[in-house]
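# Observations on chain architecture
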Amino acid sequence: MLEDLFSVVKTRFNGDDKSPQKLRKNDIPSDIMFKCPRCSGVSFMDDFISNSKVCPNCGYHSRISAKERLEITIDKGSLIEFDKNMISKNPIDFPDYPEKQAKLREKTKLNDAVVTGEARIRGLRVVIAVMDSRYMMASMGSVVGEKLTRAFEYATQNKLPIIVFTASGGARMQEGTVSLMQMAKTSGAVARHNAAGGLYITVMTDPTTGGVTASFASLGDIIIAEPKVLIGFAGRRVIEGTIKQRLPEDFQSAEFLMEKGFVDMIVERRKIRRTIAHLIKLHGGVKEDE
Amino acid sequence: MSSLLASERLDLIRNKYRPTVRDYIPLIFDDFFELHGDRYYGDDGAIIGGIGYFKGTPVTVLAQVKGRNLEENKASNFAMPHPEGYRKALRLAKQAEKFHRPVICLIDTPGAFCGIEAEERGQGEAIARNIMEFMTLKTPVISIVLGEGGSGGALALGVCDELAMLENAIYSVISPRGFASILWKDASREREACDIMKITAEDLVYLGICEEIIPEPDGGAHISADETADNISKYLDDAIKRKLQKGIDELLIERYNKFRKIGEFDELV
Ligand SMILES: [Zn+2]
């Protein structure tokens, strides 16, 4: 059940609702301080940004846009983006859904919550998908499901490893049961990639929850998580409502998930690129011109 | 077919006399043996698994258990499975694959359980694993939503060759209550949510998610469990024969494509 998940995520991170675009250095941030939603520590925005948007106090890896993620992950200029212009329809005629999306497209310069494509990481060919939580909390509707499925199918056909940076509030309720079915569609594509012997690396970022945790995000051959990020199935408030008490702060953190056996490794943001490159090489990946 | 609103069907599926799998299993299957446990952690009363005959054919049955009274509901956790329930279902599905038995999933859950232990034992991973493994399970899988099909907790038994729904069943991404509480911050608007979510059997046939609607007696399934069970049997008889005729490769391609085609999108020009 995904009840209250969106509000949970919002409540938990209500200090973090600034658009990451604003945090970009060249935009001259209007506010010069960063307040961490995890430890409430305050640091200079410059220090926060030069620390890859990781809280200098507690190491919380804050949310970054798909664009920023690609910049720090793939070789410069190597992205060949897939399905850039795909946009959602309104399968259950949900009131105001098209208008809401039009506004978000304008605001985020994204057409939905995932960017997919082929790229290189340290010269190695990969298929990459990055979810962007600024777009409806990166919930999974038809477009996210279809783009991810196509990315997996492309990786399978071309014998390429696929790297997915997950972040999501879960299924997109505005698309009703159609969004639920995207869990099956994407997981089916993972199954075929597996059957063909393809490598799939998941990188769980803040927040990875709900129907995304309960489908492709949990199915990587290797599951990496960024430090301190939120990972879980049910919303925190839903669980607190059930048990009538407060949950410990580290519940559903990356560290909690690793302790319980659901994450292979926790890797700091600045080391993810090289970690992925090493893992791909270990699985026989070769540079494009070798 | 039913002309009731989704919210009126909600009343029917919450009727305390609505039959549950404990009523249906003896009416539909012969010589049913319940098999327990996931072999990792424990046995989850929210999902019954077992083997028996359906009209002479050995089958595996996986069923979510709504209780008919408080005591039964305590034992079955109000049909909200923990990870070990999904892992038991997967174990028995793999066993069915080994012995070439069709798998019949009877879905009736408000959703997977949301609790500390469920998270600690990997609720998300358990559901994800079932969804993926059922997609390539080399034996026919038929799923039927009997009452509530709630979210990922239902989908974990819903990756199948054919999905049928009882006439008044609903199948949704989130409970109507949860939907209202998230989108309108007002859980009391549950009925209103129910009516705009497009979650009835007819809606889901229209959306390409459900293949078949199984009729209920006039007034709802609780009017006659026998008649409802008969209707389920008639459908299953057909569906199993249809699927057993196909080669496994063809079946798996069709299963993949059944889900592959769901989704509505456009290209911006
Ligand atoms: Zn901090």
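Here, every reference points to the structure presented above.
Bear in mind that the values here come from a model prediction, so they are computed numbers and not experimental data. (Residues numbered from 1 in each chain as written. Chains lettered and ligands numbered in written order. Predicted model: local features only at pLDDT ≥ 70, side-chain atom pairs only at ≥ 80, totals over all residues. Heavy atoms only, no water.)

### Points about the overall build of chain A
Basically, it comes down to this: Strands are runs of DSSP state E lasting at least 2 residues, helices are runs of H or I lasting at least 4, and numbering of each runs from the N terminus. The cut-offs for exposure are 20% and 50% of the maximum accessible area for each residue type, with area from a 1.4 Å probe on protein chains only; residues under the lower value are buried, those over the upper are exposed, and the others partly exposed. In what follows, a contact means two residues having at least one pair of non-hydrogen atoms within 4.5 Å. Using the Shrake-Rupley algorithm and a 1.4 Å probe, accessible areas are obtained, with residue cover drawn only from the displayed protein chains.
When you go through chain A residue by residue, the secondary structure sums to 11 helices and 10 strands. By the burial criterion, 65% of the 290 residues in chain A qualify as buried. Taking the contacts inside chain A whose residues are at least 6 apart along the sequence as the reference set, 71% of them involve residues at least 24 apart. Accessible surface for chain A amounts to roughly 11200 Å². Of this, 50% is attributable to carbon and sulfur atoms.

### Notes on the coordination of the zinc ion
Residue and element names in this part refer to chain A. Operational definition: Metal-coordinating donors are taken as N, O and S atoms lying within 2.8 Å of the metal, or within 3.2 Å when the metal is Na, K or Ca; because water is left out, some sites can appear incomplete.
Looking at the zinc ion, one finds its protein donor set to be Cys-36 (SG), Cys-39 (SG), Cys-55 (SG) and Cys-58 (SG), positioned 2.2 to 2.3 Å from the metal centre. Between consecutive donor residues of the zinc ion, the sequence gaps follow C-x2-C-x15-C-x2-C. According to the relative accessible area criterion, Cys-55 is buried, its value standing at 2%.

### A closer look at the pairing of strand S2 (residues 47-54) of chain B
Residue and element names in this part refer to chain B. Note the cut-off: Two strands qualify as a pair provided that DSSP identifies no fewer than 2 bridges between them.
For S2, a buried count of 6 out of 8 residues is recorded, marking the element as mostly surrounded by other parts of the structure. Alignment of strand S1 (residues 30-34) against S2, held across 3 bridges, turns out to be antiparallel. Opposite Phe-33, over in S2, you have Ile-51 as the bridge partner. Linking S2 to strand S3 (residues 57-64), which pair antiparallel, is a turn of 2 residues; within it Lys-55 sits at a positive phi near 45 degrees.

### A word on helix H12 (residues 248-260) of chain B
Heads up, the condition is: To estimate the expected span of a helix, count its residues, drop one, and scale the result by 1.5 Å.
Taking 1.5 Å of rise per residue, 13 residues should cover 18 Å, and H12 of chain B covers 18 Å from first to last C-alpha, within 8% of that figure. Among the residues of H12 of chain B, Leu-251, Leu-252, Arg-255, Tyr-256, Lys-258, Phe-259 and Arg-260 of chain B are the ones counted as buried. In the core, the buried residues of H12 of chain B are packed alongside helix H6 (142-157) and helix H7 (176-195) of chain A together with helix H6 (123-135), strand S5 (141-150), strand S6 (162-166) and helix H11 (225-244) of chain B.

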